[in-house]
Amino acid sequence: MADTNLKYDASTIQVLEGLEAVRRRPGMYVGGTDTRALHHLVYEVVDNSIDEALAGVCDRIRVVIAKDRTVSVEDNGRGIPVGIHPQKGVSALQLVLTTLHAGGKFGEGGYKVSGGLHGVGVSAVNALSEWMEVTVRRDGKIYRQRYERGIPQTEVEQIGKTSPKDTGTTVTFRYDDTLFKNVDFNFETLAQRFREMAFVTRGVTIELIDLRPETFPRRIAFHFEGGILSFVRYLNRNRTPLHKPIYVEKAVDGVIVEVALQYTTGYSETVLAFANTINTVDGGMHLTGFRSALTRTINDVGRKLSALKENAPNLSGDDVREGLTAVISVKVPDPQFESQTKVKLMNPEVKWAVEAATSEAVAEFFETNTRAARAIINKGLTASKARAAARKARELVIRKSALESMTLPGKLADCSSRDPSRSELFIVEGDSAGGSAKQGRDRHFQAILPLRGKILNTERAGLNKILSNKEVQAIISALGCGIGEQFNLDNLRYNHIIIMTDADVDGAHITTLLLTFFFRYMQPLIEQGHLYIAQPPLYLVKTRGKSKYLYSEEELQQMLAEIGDQKYTLQRYKGLGEMNPQQLWDTTMDPQQRTLVQVTIEDAAEADQVFSMLMGSEVPPRRRFIQSHAREVQNLDV
Ligand code: 0RA
């Protein structure tokens, strides 16, 4: 702060720390140091001038990009006050330029509404500028102060005189290119933003002058007497409108609402929402209020005109927005944005205000423009029909491809009998067991559907995902009776559905999953007693000349007691794949010898609960549960 006589006191130090924070972390304040952030610097300054326009005390803003990339923003507002602030002992101007978030908010009688103040304000731009000069025209005098990297280099000095009627502020800054590297201004980007601001700030003229020689000098000025009405016409300039635009401006509980809308013959929806001139790209309460009013009003009018049949359902929000172009602009005294980036407006009172203004305007327009009303409602009806048709088509495709496909799954080894009452389907875990089962079966009435172990993974993703699982789709099409609401037991292709899995943890797990699936989507199948669980043996004991399959631990103990001292061999079957086809037939598939456990609805309900519990995302507790309950789940008959 060389050659100034500025005071160093506690508040000065605080200010210096604030500016230093901005320079250390530009990302926090202007979103970084890239080209986007560079444009943000300009917007922050222009926002302050727009605030003057919103206050009704400014109608010209001129932005000039000079050859050397300095930017100056000049307005004919009141001029930043230059008097000494009684408590702080420095000029108001300096407070605005050095205090983060101060903007014009300090003092009484400031703005009613403002966009700029809720950003970081001109002080952040100051901190990020190699230098900044502010010129104020006020009370017939011209004042100036200069800053470097946010630090005042001079006092506020009077540098001349002017007419007392000539008021305003000029902020000139050169962005600090030690922070902003390899960046430059884009004329189109700036113009686009200023065009929007001019639309939503009716009557203001925003001029952009670009003096950079590389892009040859350019100038553009925006001024729209029609405000957002002009905006809607502009957006529809290449479209065919269905009617003249609807426009309303209304103050509701201190919120100024402006809405303009016009339907076109097209199908796209263009709805822009602004809060205090800021384009809130993520919408918010103003958009919500607009949408609900539009949907409700169009349905109401549709009923009144009998354009909507009495028993027909209401048009949906999507239906009434096809071909719609609309701009919603609200001016809110105390805007609450979701974040610093100001893209979503959160004030709840705004919803009601916009809803009220929109309903009233649209209803009134429809009353005097019945033809337009009918055209809009018919458009909505067409949209609704198209949506319903698309939905049907989608459902049909899903059903065809997944659930009701007439083509049987490729992996199914079907039986030759076409008589469901004496046919059986074995759902078998694993390809190798599937192979044994195919060879060992009686192909006249037994069908085999091998499942890959992968079916296990679907359990983590939830039940709806099960339906997109290839293995489950194969089961559905093999059974032939559809699922859920379309389930029809009459089409069941097999009288016995038999789940055949290994006698281990994974087997129990697959059984649980399948039971859950049947319980949720094919309950009648269980209720009517079609679902079974195969009981493969756990052991094979061979003594001299004799061999016996054993199906439980108890049977084994009993057998060993009987054998006594005799020599014997004991084979433990860990999986179905360990049995050859003949053994599998003898022990598990032959109707004359096998034991099947019939699944009851209670069993399945319990499996469903177990399943839900297993859905937790932590793996270790899940595994523990599965292991300790594996036997319980399997022995569903007990
Ligand atoms: C503080 C208070 C008032 C206006 C401003 C700041 C102000 C800031 C900027 C920034 C660029 N252009 C600006 N114009 C005005 C209110 C002044 C009053 O009440 O007279």
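Given the structure is predicted, the values throughout are model-derived calculations rather than measurements. (Residues numbered from 1 in each chain as written. Predicted model: local features only at pLDDT ≥ 70, side-chain atom pairs only at ≥ 80, totals over all residues. Heavy atoms only, no water.)

### Structural notes on unusual backbone geometry
Here is step 1: Here the phi dihedral of Asn-182 falls at roughly 50°; this positive angle occurs in a residue that is not glycine.
Here is step 2: With respect to the helices and strands, Asn-182 occurs in the loop between β7 (168-175) and α6 (187-200).
Here is step 3: Overall, Asn-182 belongs to the exposed group, its relative accessible area being 81%.
Here is step 4: The phi torsion at Phe-216 lies on the positive side, around 45°, for a residue other than glycine. (Helix = DSSP H or I, 4+ residues; strand = E, 2+ residues; numbered from the N terminus. Buried < 20%, exposed > 50% of the residue type's maximum accessible area, 1.4 Å probe, protein only.)

### Describing the packing of helix α15 (residues 470-479) against helix α16 (residues 505-521)
Here is step 1: Packing of α15 against α16 brings their axes to within 12 Å, and their N-to-C directions diverge by 50°. When the axis of α15 is compared with that of α16, the two are oblique. Handedness of the crossing formed by α15 with α16: right-handed. Here Val-472, Ile-475, Ile-476 and Leu-479 of α15 come into contact with α16, specifically with Leu-514, Phe-517 and Phe-518. (Axes fitted to C-alpha atoms, helices over the stretch in contact; angles between N-to-C directions. Parallel < 35°, antiparallel > 145°, perpendicular 65-115°, else oblique. Left-handed = near helix turned anticlockwise from the far one by under 90°. Contact = heavy atoms within 4.5 Å.)

### Concerning the packing of aromatic side chains
For any pair of aromatic rings, geometry is given as the distance between the ring centres together with the angle between the planes.
Here is step 1: Enumeration according to the criterion identifies 12 aromatic pairs in this entry.
Here is step 2: Ring centres of Tyr-175 and Phe-180 lie 6.1 Å apart, and the angle between their planes is 80°; this geometry places the pair in the edge-to-face category.
Here is step 3: Under the relative-accessibility criterion, Phe-180 is labelled buried at 1%.
Here is step 4: Taken together, a centroid distance of 6.5 Å and an interplanar angle of 25° make the contact between Phe-222 and Phe-224 stacked.
Here is step 5: Here Phe-222 falls in the buried class, since its relative accessible area comes to 5%. (Phe/Tyr/Trp six-rings, centres within 6.5 Å; stacked < 30°, edge-to-face > 60°.)

### Notes on the environment of Ala-534
Here is step 1: Here Ala-534 shows up in strand β18 (residues 531-534).
Here is step 2: Look at Ala-534 and you get buried, because its relative accessible area is 3%.
Here is step 3: If sequence neighbours within four positions are ignored, Ala-534 has contacts with Ile-498, Ile-499, Met-500, Thr-588, Thr-595 and Leu-596.

### Digging into the pairing of β18
Here is step 1: Burial of β18 is two-sided: the residues Leu-531 and Ile-533 facing one way and the residues Tyr-532 and Ala-534 facing the other way are all buried.
Here is step 2: Summarising the sheet, strand β17 (residues 496-500) and β18 pair through three bridges and their orientation is parallel. Its bridge partner being in β18, Ile-497 is matched across the sheet by Leu-531.
Here is step 3: Sheet topology note: the β18/strand β22 (residues 596-598) ladder contains three bridges and is antiparallel. Within the sheet, the bridge partner assigned to Ala-534 lies in β22 and is Leu-596. (Pairing = 2+ DSSP bridges.)

### A look at the pairing of strand β3 (residues 129-138)
Here is step 1: For β3, a buried count of seven out of 10 residues is recorded, marking the element as mostly surrounded by other parts of the structure.
Here is step 2: Relative to β7, β3 is paired through eight bridges, and the arrangement is antiparallel. Across the sheet, the residue bridging to Trp-131 is Arg-174, located in β7.
Here is step 3: Where β3 meets strand β4 (residues 141-148), seven bridges bridge the pair, whose relative direction is antiparallel. Looking at β4, one finds that Arg-138 is bridged to Lys-141.
Here is step 4: Here β3 hands over to β4 after two residues, with Asp-139 in that stretch at a positive phi of 55°.

### Some remarks on the packing of helix α8 (residues 285-304) against helix α10 (residues 348-368)
Here is step 1: Across the interface, α8 lies against α10 with an axial gap of 7 Å and an inter-helix angle of 30°. Regarding the angle of α8 to α10, the classification is roughly parallel. Regarding α8 and α10, the two cross each other, and that crossing is right-handed. Contact residues: Met-285, His-286, Thr-288, Gly-289, Phe-290, Ser-292, Ala-293, Leu-294, Arg-296, Thr-297, Ile-298 and Val-301 in α8; Pro-348, Val-350, Lys-351, Val-354, Glu-355, Thr-358, Ser-359, Val-362, Ala-363 and Phe-366 in α10.
Here is step 2: Here the contact of α8 with α10 is built from residues that sort into 12 nonpolar, seven polar and three charged. (Nonpolar A, V, L, I, M, F, W, Y, C, P; charged D, E, K, R; others polar.)

### So, α8
Here is step 1: Relative to the 28 Å expected for 20 residues at 1.5 Å per residue, α8 spans 28 Å between its end C-alpha atoms, a close match to the ideal helical length.
Here is step 2: Immediately beyond the C-terminal end of α8, within one or two residues, lies Ser-306, with a positive phi of roughly 55°. (Expected span 1.5 Å × (residues − 1).)

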